[in-house]
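This is what each chain is made of:
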Amino acid sequence: WGIFRKAMERDEIVTATTAKDNFISANDRIYIAKAFKQDQVVQGFILIEVTRNALANLMNENRDSVSRVQLVGNNQGSILYSSNGISEEGLGKLRNIEQQEGDELQEISDDEISYLNDFIYTHNSNADIYLLLAKPTSAVISIVMWLIIILIVTGCVFITLSFFLANYLAKNLAEPIL
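First, a word on what this report is: a plain description of the structure on this page. If you're wondering where the values come from, they're calculated on a predicted model, not measured in any experiment.

### Points about the nonpolar core
- If you look at the biggest cluster of nonpolar residues, it comprises ten residues: Leu 71, Ile 79, Leu 94, Ile 97, Leu 116, Phe 119, Tyr 121, Tyr 130, Leu 132 and Ala 134.
- Only helix 3 (93-101), strand 7 (119-124) and strand 8 (129-134) provide two or more residues apiece to this core.
- Top contributing element to this core by residue count: strand 8, with three residues.

### Here's the deal with helix 2 (residues 52-61)
- Taken residue by residue, helix 2 has Arg 52, Leu 55, Ala 56 and Met 59 as its buried positions. End-on, the buried residues of helix 2 take up no more than an arc of 100°, which puts them together on one face. Relative to its buried face, helix 2 has exposed residues pointing more than 90 degrees away, namely Asn 57 and Glu 61.
- Two or three places before Ala 54, at the start of helix 2, stands the capping residue Thr 51, its side-chain oxygen 3.0 Å from that residue's backbone nitrogen.

### Comments concerning the pairing of strand 8
- Pairing between strand 4 (residues 70-74) and strand 8: five bridges, direction antiparallel. When the sheet's bridge partners are listed, Asn 74 is paired in strand 8 with Ile 129.
- In terms of strand pairing, strand 7 meets strand 8 through six bridges, oriented antiparallel. Following the sheet pairing, Ile 120 is matched in strand 8 by Leu 133.

The rules behind the values
Residues numbered from 1 in each chain as written. Predicted model: local features only at pLDDT ≥ 70, side-chain atom pairs only at ≥ 80, totals over all residues. Heavy atoms only, no water. Core = buried A, V, L, I, M, F, W, Y, C linked by side-chain atoms within 4.5 Å. Buried < 20%, exposed > 50% of the residue type's maximum accessible area, 1.4 Å probe, protein only. Helix = DSSP H or I, 4+ residues; strand = E, 2+ residues; numbered from the N terminus. Arc of directions from axis to C-beta. Polar contact = N/O pair within 3.5 Å; in protein donor to acceptor, adjacent residues only side chain to side chain. Pairing = 2+ DSSP bridges.

Honestly, that's just the spatial picture; any functional story needs more than this.
In structure tokens, the structure reads:
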């Protein structure tokens, strides 16, 4: 089977998916495997099967209040999970994003963060996956714009009330000057 062959050939953890077409369905699985070797002889394997729904639940637990696109991709260019839904997941779709962004994912170490135009990403070498998060530019800009509008409206109301109060005080408290 492919995942076991990949695990035997490498010393690190490997990933695979059961998806056979452009779309990853809710029934597809993501596999994470590691071969345990002693003197280069395989003694056994550990295989973890993750359903798409389990991955979605895990990713949704860590979503922030600003709704941003989250992606999980692998080195083969597939998107294993997209917070935008199953239609954006599938084989080769990570390469499509790279082409749209006019850049490509770089090999980076686990503690590094890098940028792919509209995305911030990191690489997890243990699971051999990329975690991508859309930059919050549009969401942050809209929140800041609403705050600015609220401040401007509040300021205008305060200035208008100040003029009415000054006019009232001037008419009722001050003696007319002749």
